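What the coordinates show
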Amino acid sequence: MKSKQLFFAAVCAGLAINVCAAPTLPTAWSPARATFTVADGVISIKTNDKARTPGINGTFRNLEPLRYKVSFQVKGQGKVQAALNSGGIAYSKTVKLTEQWQSIEMTYFPKGKNMILMIYSAITNASEFQVKDVAIAPCEVPELADADIVSKLFLPADFPGENGKLYNKKDSAAGKAAWGKRWYNVMKLPVPANSKPLYYYIHAQKTGEDKCAVNLRTGSQNVYSGAITVPANQWQWVKVGPVKAVAVYPEFYINYSAADPKTVIWVDKVVLSTNPAMTDADLDKAE
């Protein structure tokens, strides 16, 4: 019996998705500027007039370092939005409610064992809505290879994002650079199915003097971040990592966070490697 238990533990440890992990659904809900009742698996929520983000909060527990998909059904009056928080908040799209059940889904990589789900009204007037079928499941990831990556170069012309703009830029190493501001997703990059820690080196420049964050964003979550710390109009290799493939697989956006909405950020190339100590010289000659 002991040998069978050891074999089972070894199999579980080797799976790309840890099927042994059993995340638990919220066992109790807390009202937030609202009242609610539960009957036949349906949560009926009444929000207070003029309250800000009124609704319910619940906690998922027993989470592993995996990306999860969270979903639920909702119907009623007004508009509803959801948010997840486990070391940083990510938001769902806002859904306009009807008398028909609609699904809200979002993905998230938790930074701890617990994760809070907030479901709330997105209008300021009093409203009533219902929630059912709250669920959580790990996102599918293929079997991860244990492979070294010396360097892999990505250029913005080949990997455009949602709203970055590609311009000729004389001082850029590649001749062209992606232009963006706060909250822009300027490049979309693939993530290899690799079990080794990954490092994304982002060649970036900003126009303002304040520090700017460069994020790896999946869905609405900034999962990993680095910072441009050099003075304005100077290029810097920003290292982001170690990155776990299961956290952002199969792709992510390069996203910016800046205090000043007028600050412009440029990126002209990105290098992926499993080497955590790439020098500027190494990165400059990466192909």
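For the structure, check the block above.
This one's a predicted model, so the numbers in the text were calculated from it and none came from an experiment.

Cut-offs applied
By convention here, each chain's residues receive numbers from 1 onward along its written sequence. Per-residue local features of the predicted model are confined to residues with pLDDT of at least 70, and side-chain atom pairs are confined, for both listing and counting, to 80 or more; whole-chain, interface and lining totals are unaffected and use all residues. For the side-chain quantities, the full set of heavy atoms in the structure was used; hydrogens and water were omitted. A helix here means a DSSP run of H or I that spans at least four residues, while a strand means a run of E at least two residues long, and both kinds are numbered starting from the N terminus. Categorising residues by exposure relies on relative accessible area from a 1.4 Å probe, with only protein chains included: less than 20% of the type maximum marks a residue as buried, more than 50% marks it as exposed, and the intermediate range marks it as partly exposed. Whether two residues are in contact is decided by their heavy atoms: any pair within 4.5 Å suffices. Only the protein chains shown count as covering a residue, and every accessible area follows the Shrake-Rupley method with a 1.4 Å probe. Here the positive residues are Lys and Arg and the negative ones are Asp and Glu; neither His nor the chain ends is included. Taken as the charge location is NZ of Lys, CZ of Arg, CG of Asp or CD of Glu. At least two bridges found by DSSP between two strands is the condition for calling them paired. Axis lines are fitted to C-alpha atoms, over the contacting stretch for helices. Their N-to-C directions set the angle, which ranges from 0 to 180 degrees. Stacked, tilted and edge-to-face are the three classes applied to pairs of Phe, Tyr and Trp rings, where Trp contributes its six-membered ring and a pair requires centres within 6.5 Å; stacked means planes under 30 degrees apart, edge-to-face means over 60, and tilted covers the rest. Counted as over-ring charges are cases with an Arg CZ or a Lys NZ within 6 Å of the ring centre that also lie within 35 degrees of the ring normal. Only buried residues count toward a nonpolar core, which is a set of Ala, Val, Leu, Ile, Met, Phe, Trp, Tyr and Cys residues joined through side-chain atoms within 4.5 Å. For this analysis, a salt bridge means a side-chain nitrogen from Lys or Arg found within 4 Å of a carboxyl oxygen belonging to Asp or Glu.

**Topic: the overall build of the chain**
Looking only at helices and strands, the chain features three helices and 21 strands. Across its three principal axes, the chain shows a C-alpha extent of roughly 65 × 60 × 30 Å. Looking at the chain residue by residue over its 287 residues, the buried ones come to 43%. Across the chain, the fraction of contacts at a sequence separation of at least 24, relative to all contacts at a separation of at least 6, is 75%. Within the structure as shown, the chain displays about 14,600 Å² of accessible surface, and the carbon and sulfur contribution to it stands at 52%. In the chain, 33 positive and 23 negative side-chain charges are present, and the distance between their average locations comes to 5 Å.

**A closer look at the sheet that holds strand β11 (residues 128-138)**
An order of β2-β3-β11-β5-β9 is seen for the five strands of this open sheet, with the pairing classed as antiparallel. The open sheet is flanked by β2 (34-39) and β9 (102-108), the only strands paired with a single partner. Adjacent strand axes in the sheet meet at a mean angle of 25°, parallel and antiparallel pairs treated alike. Bridge analysis of β2 against strand β3 (residues 42-47) gives six bridges, and the strand direction is antiparallel. Counterpart to Thr35 in the pairing with β3 is Lys46.

**Here's the deal with the packing of aromatic side chains**
The geometry of an aromatic ring pair is captured by the separation of the ring centres together with the interplanar angle, meaning the angle of the planes. Tallied over the full model, the rule gives four aromatic pairs. With a centroid separation of 5.0 Å and 85° between ring planes, the pair formed by Phe154 and Phe159 is classed as edge-to-face. Ring geometry for Trp179 versus Tyr184: centroids 5.6 Å apart, planes at 90°, classification edge-to-face. With relative accessibility at 15%, the residue Trp179 sits in the buried group. Under the relative-accessibility criterion, Tyr184 is labelled partly exposed at 22%. The ring of Phe154 is capped by Lys152, whose NZ or CZ atom sits 6.0 Å from the centre of that ring. One residue, Lys169, lies across the ring of Trp266, its end atom 4.7 Å from the ring centre.

**A closer look at the pairing of β11**
In terms of strand pairing, β3 meets β11 through four bridges, oriented antiparallel. In the strand pairing of β11, Lys46 is matched with Glu128. Strand direction decides the pairing type here: strand β5 (residues 68-76) and β11, joined by eight bridges, are antiparallel. Paired with Gln73 across the bridge in β11 is Lys132.

**With respect to the nonpolar core**
The biggest cluster of nonpolar side chains holds 33 residues, and the ones touching the most others in it are Tyr200, Ile202, Tyr224, Ile254 and Val270. Elements represented by at least two residues in this core include exactly β15 (185-190), β16 (198-206), β17 (212-218), β18 (221-228), β19 (236-243), α2 (245-248), β20 (251-258) and β21 (265-273). When residues no more than four places from it in sequence are discounted, the contact partners of Tyr224 are Phe109, Val214, Asn215, Leu216, Val240, Pro242, Val243, Lys244, Ala247 and Val248. Core analysis: the second largest hydrophobic core is formed by 30 residues, Ile45, Ile56, Val80 and Val131 among them.

**Quick word on the pattern of salt bridges**
Tallied over the full model, the rule gives five salt bridges. Across the pair Asp171 and Lys169 runs a salt bridge, and its minimum N-O distance is 3.1 Å. Judged by relative accessible area, Asp171 falls into the partly exposed class, the value being 40%. Relative accessible area serves as the criterion here: at 14%, Lys169 is assigned to the buried category. Measuring nitrogen to oxygen at the nearest pair gives 3.5 Å for the salt bridge that ties Lys188 to Glu251. Of this pair, Lys188 sits in strand β15 while Glu251 sits in strand β20, placing them 63 residues apart in sequence. For Glu251, a relative accessible area of 35% puts it in the partly exposed group. Ionic contacts of the salt-bridge type, sharing partners, join the residues Asp146, Asp148 and Lys196 into one network.

**Considerations on the sheet that holds β20**
Read across the sheet, four strands follow the order β15-β20-β17-β18 without closing on themselves; strand pairing throughout is antiparallel. Edge positions in the sheet fall to β15 and β18, since each has one partner strand and no second. When strand polarity is set aside, the average angle formed by the axes of neighbouring strands in this sheet is 30°. Direction of pairing for β15 relative to β20: antiparallel, over a ladder of five bridges.

Just distances and angles here, no functional claims.
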